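These are the residues of each chain, in order.
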Amino acid sequence: GTCVMNDGNEIVTTLTKLFWATDHHDWEGLRRTFAGQVLLDYTATLGGEPRICAPGEVVDGWRPAFEALDAHQHLVANHMVEIADEEATATASFIATHQFQGETWTLGGDYHFRLHKCEGNWRVAAMRMVPVWQTGPVDLVTKALEAAAS
């Protein structure tokens, strides 16, 4: 029915806000897209184990890297959403482009999300990145962070 369609649209909007806020350095806006706890899984590129973080910890983790880069853009599309009451899962395709000192690292793949409805708003409770392809220097973000620290 229309209710589920509205929820689906709201979920896609929440996911869009997450990446828009990141790319426009709206750190408070980014924080608001997350549930009280977030299971972050970037193990496919970073190794290690998935981490449970508070929203502020996610922002604190991402902000230095994205502020160190000269430019970055996340294009996220092909959203598919499944909703069961106050819980939802979603997948989306992404292309993430990162630039620093004339070099470009581009990563493409899929995201898998879990969302909860909190006080009428859909919030991201888990996100897992599954990279499929990349081009350019993989260590570009590390280079940018090192330059920012020096």
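Read on for a plain summary of the structure. (Residues numbered from 1 in each chain as written. Predicted model: local features only at pLDDT ≥ 70, side-chain atom pairs only at ≥ 80, totals over all residues. Heavy atoms only, no water.)

**Digging into the overall build of the protein chain**
Which entries qualify depends on this criterion: By the criteria applied, helices consist of DSSP H or I runs no shorter than four residues and strands consist of E runs no shorter than two, each listed in order from the N terminus. In this treatment the radius of gyration is a C-alpha quantity, and the globule benchmark scales as 2.2 Å times the residue count to the 0.38 power. The buried label goes to any residue with under 20% of its type's maximum accessible area, the exposed label to any with over 50%, and the partly exposed label to all in between, with areas taken from a 1.4 Å probe on protein chains only. Computed with a 1.4 Å probe, the accessible areas rest on the Shrake-Rupley method; for each residue, only the protein chains presented here act as cover. Positive charges are assigned to Lys and Arg, negative charges to Asp and Glu, while His and the chain termini are left out of the count. Taken as the charge location is NZ of Lys, CZ of Arg, CG of Asp or CD of Glu.
When you go through the protein chain residue by residue, the secondary structure sums to five helices and six strands. Relative to the globule expectation of 15 Å for 150 residues, the C-alpha radius of gyration of the protein chain, 16 Å, shows essentially globular dimensions. Its C-alpha atoms put the protein chain at 50 × 30 × 30 Å along the principal axes. Expressed as a percentage of the 150 residues in the protein chain, the buried residues total 37%. When the accessible area of the protein chain is evaluated, it comes to approximately 8300 Å², of which 52% is carbon and sulfur surface. Computed over 10 positive and 20 negative side-chain charges, the inter-centroid distance for the protein chain is 3 Å.

**Section: the packing of helix H4 (residues 55–68) against helix H5 (residues 140–149)**
The line we're drawing: Lines fitted to C-alpha atoms define the axes here, with helix axes fitted over just the stretch in contact, and angles between the N-to-C directions of these axes take values from 0 to 180 degrees. Any angle from 65 to 115 degrees is called roughly perpendicular, while one under 35 is roughly parallel, one over 145 is roughly antiparallel, and all others are oblique. Two residues form a contact once any of their heavy atoms are found within 4.5 Å. When residues are grouped by polarity, Ala, Val, Leu, Ile, Met, Phe, Trp, Tyr, Cys and Pro land in nonpolar, Asp, Glu, Lys and Arg in charged, and all others, Gly among them, in polar.
It is the contact of H4 with H5, at a shortest axis distance of 8 Å, that shows an interaxial angle of 85 degrees. Classified by the angle between their axes, H4 and H5 sit roughly perpendicular to one another. The residues of H5 that touch H4, namely those facing Pro64, Ala65 and Ala68, are Val141, Ala144, Leu145 and Ala148. Considered class by class, the residues forming the contact of H4 with H5 number seven nonpolar, no polar and no charged.

**Considering the layout of surface pockets**
Put simply, the rule is: Every definition here rests on a 1 Å grid over the protein atoms only: cavities are sets of points where a 1.4 Å probe fits but cannot get out, pockets are open sets enclosed by protein on both sides within 12 Å along at least five of seven lines, and lining residues have some atom within 4 Å of a point. Grid points are joined across faces, edges and corners, and a volume is the space filled by probe spheres set on the points.
Counted as a void, the largest pocket has a volume near 830 Å³. Only helix H1 (2–23), helix H3 (43–46), strand E2 (51–53), H4, strand E4 (87–100), strand E5 (103–118), strand E6 (121–135) and H5 provide two or more residues apiece to the lining of the largest pocket. For the lining of the largest pocket, the element with the most residues is H4, which contributes six residues. Its residues assigned to classes, the lining of the largest pocket shows 21 nonpolar, 10 polar and four charged. In this structure, the second largest pocket spans a volume of roughly 230 Å³. What lines the second largest pocket is a set of 13 residues, among which Thr14, Lys17, Arg32, Thr33 and Arg123 lie closest to the centre. At the level of elements, H1, helix H2 (27–32) and E6 are the ones that each hand at least two residues to the lining of the second largest pocket. A breakdown of the residues in the lining of the second largest pocket according to their chemical character gives two nonpolar, six polar and five charged.

**Digging into the packing of aromatic side chains**
Worth spelling out the cut-off: The rule is short: rings of Phe, Tyr and Trp, with Trp giving its six-membered ring, pair when the centres are within 6.5 Å, and they are stacked under 30 degrees, edge-to-face over 60, tilted in between.
For the structure shown, the criterion picks out eight aromatic pairs. Taken together, a centroid distance of 6.5 Å and an interplanar angle of 80 degrees make the contact between Trp62 and Phe66 edge-to-face. Of this pair, Trp62 and Phe66 are both found in helix H4, four residues apart, which corresponds to roughly one turn of the helix. Summarising the burial analysis for this pair, Trp62 and Phe66 share the class buried. The structure contains a cluster of three or more aromatic residues connected by ring pairs, namely Phe19, Phe34, Tyr42, Trp62, Phe66, Phe94, Tyr111 and Phe113.

**A look at H4**
Note the threshold: Here, expected helix span is obtained from the residue count minus one, scaled by 1.5 Å. To get the bend at a residue, fit one axis to the 7 residues ending there and another to the 7 starting there, then take the angle between the axes.
The first and last C-alpha atoms of H4 sit 20 Å apart over 14 residues, in line with the 20 Å expected at 1.5 Å per residue. Approximately 30 degrees is the largest bend angle found in H4, and it occurs at Trp62, with the proline Pro64 only one to four residues beyond. Regarding H4, the residues found buried are Pro55, Val58, Val59, Trp62, Ala65, Phe66 and Ala68.

**Section: the pattern of salt bridges**
One side chain can pair with another of opposite charge once the charged atoms of both are near each other. Spelled out, the test is: Any carboxyl oxygen of Asp or Glu within 4 Å of a side-chain nitrogen of Lys or Arg constitutes a salt bridge here.
Taken as a whole and assessed by the stated rule, the structure comprises six salt bridges. What emerges from the salt-bridge pattern is a single network uniting Glu28, Arg31 and Arg32.

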